[in-house]
Amino acid sequence: MKAINYLQTFMLRHPVSEKNKEAVEIITKLRVKLEEKEKRNADLYFNLGYFKASATAYSELMLNFPDSESGDYYKLMVIKSYFEYAKKSIPDKQLERFEKVLDECADFSDRIPDSKLLSDVNKYKNQTENQKKQEKINELTEELNSYKIEIFSKKSYYLNKK
């Protein structure tokens, strides 16, 4: 990063230098290497199962390299990371975290509507909606079971009273 800053400073101080073209080429190569390094870091977080950190790292990649050809891949990995994070979360937090996945899917569709990866995004969107439905079913089933227990205990109480 320092090298890029020094080269940019050189270009600002010497705008008519014949070395500017070479400086631009070096900056471009360095940015490609930096992007690859950040991508490997984000991949490592994902592969180790640190999904929240992975989502953050891929989001930072998108911010640091907005003109990257891999921007749609990075956004897909943000979605995938948040999806895995939500799946592995405690039940109390899952619905909220699945909402984050749906927000990211909508953002992807708005930003990159013609992406080749849109079908993968839709797959995660559908899986997330199914997970949310299943969570709601589980929640309602749990509530129903607690009512059954309450009714059964009241029934037992009244039967024992007689």
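Predicted model only: the values in this text are computed from it and were never measured.

Draft legend 1. Focus on the overall build of the protein. When helices and strands are tallied, the protein shows six helices and zero strands. Relative to a compact globule of 162 residues, whose C-alpha radius of gyration would be 15 Å, the protein shows 25 Å and is clearly more extended. Dimensions along the principal axes, computed over C-alpha positions, put the protein at roughly 105 × 30 × 25 Å. For the protein, long-range pairs separated by at least 24 residues make up 54% of all intrachain contacts whose partners lie at least 6 apart in sequence. Carbon and sulfur atoms make up 54% of the accessible area of the protein, which totals about 11700 Å². Across the protein, the mean location of the 30 positive side-chain charges is 5 Å away from that of the 27 negative side-chain charges.

Draft legend 2. Structural view of helix H4 (residues 71-87). Between its first and last C-alpha atoms H4 spans 24 Å; for 17 residues at 1.5 Å apiece the expected length is 24 Å, and the two agree. A large share of H4 lies buried, amounting to 12 of its 17 residues. Of the residues making up H4, those classed as buried are Gly71, Tyr74, Lys75, Leu76, Met77, Val78, Ile79, Ser81, Tyr82, Phe83, Glu84 and Ala86.

Draft legend 3. Examining the environment of Glu38 more closely. Here Glu38 lies in helix H2 (residues 20-48). Owing to a relative accessible area of 23%, Glu38 belongs among the partly exposed residues under this scheme. The spacing of Glu38 and Ala57 is 19 residues in sequence and 7.5 Å in space, taken between C-alpha atoms. Among residues more than four places away in sequence, those in contact with Glu38 are Glu60, Leu61, Asn64 and Phe65. A polar contact is formed between the side chain of Glu38 and the side chain of Asn64, at a distance of 3.1 Å.

Draft legend 4. Region of interest: the packing of aromatic side chains. Per the counting criterion, the structure on display carries six aromatic pairs. Judged by centre distance (6.4 Å) and plane angle (90°), the ring pair of Tyr58 and Tyr73 falls under edge-to-face. With Tyr58 in helix H3 (residues 51-64) and Tyr73 in helix H4, this residue pair connects regions lying 15 residues apart in the sequence. Overall, Tyr58 belongs to the buried group, its relative accessible area being 0%. Site record: aromatic cluster; members linked through ring pairs are Tyr58, Tyr73 and Tyr74.

Rules of the game
- Residues numbered from 1 in each chain as written.
- Predicted model: local features only at pLDDT ≥ 70, side-chain atom pairs only at ≥ 80, totals over all residues.
- Heavy atoms only, no water.
- Helix = DSSP H or I, 4+ residues; strand = E, 2+ residues; numbered from the N terminus.
- Rg over C-alpha atoms; globule rule 2.2 N^0.38 Å.
- Contact = heavy atoms within 4.5 Å.
- Areas by Shrake-Rupley, 256 points an atom, 1.4 Å probe, with all protein chains shown as cover.
- Lys, Arg positive; Asp, Glu negative; His and termini not counted.
- Charge placed at Lys NZ, Arg CZ, Asp CG, Glu CD.
- Expected span 1.5 Å × (residues − 1).
- Buried < 20%, exposed > 50% of the residue type's maximum accessible area, 1.4 Å probe, protein only.
- Polar contact = N/O pair within 3.5 Å; in protein donor to acceptor, adjacent residues only side chain to side chain.
- Phe/Tyr/Trp six-rings, centres within 6.5 Å; stacked < 30°, edge-to-face > 60°.

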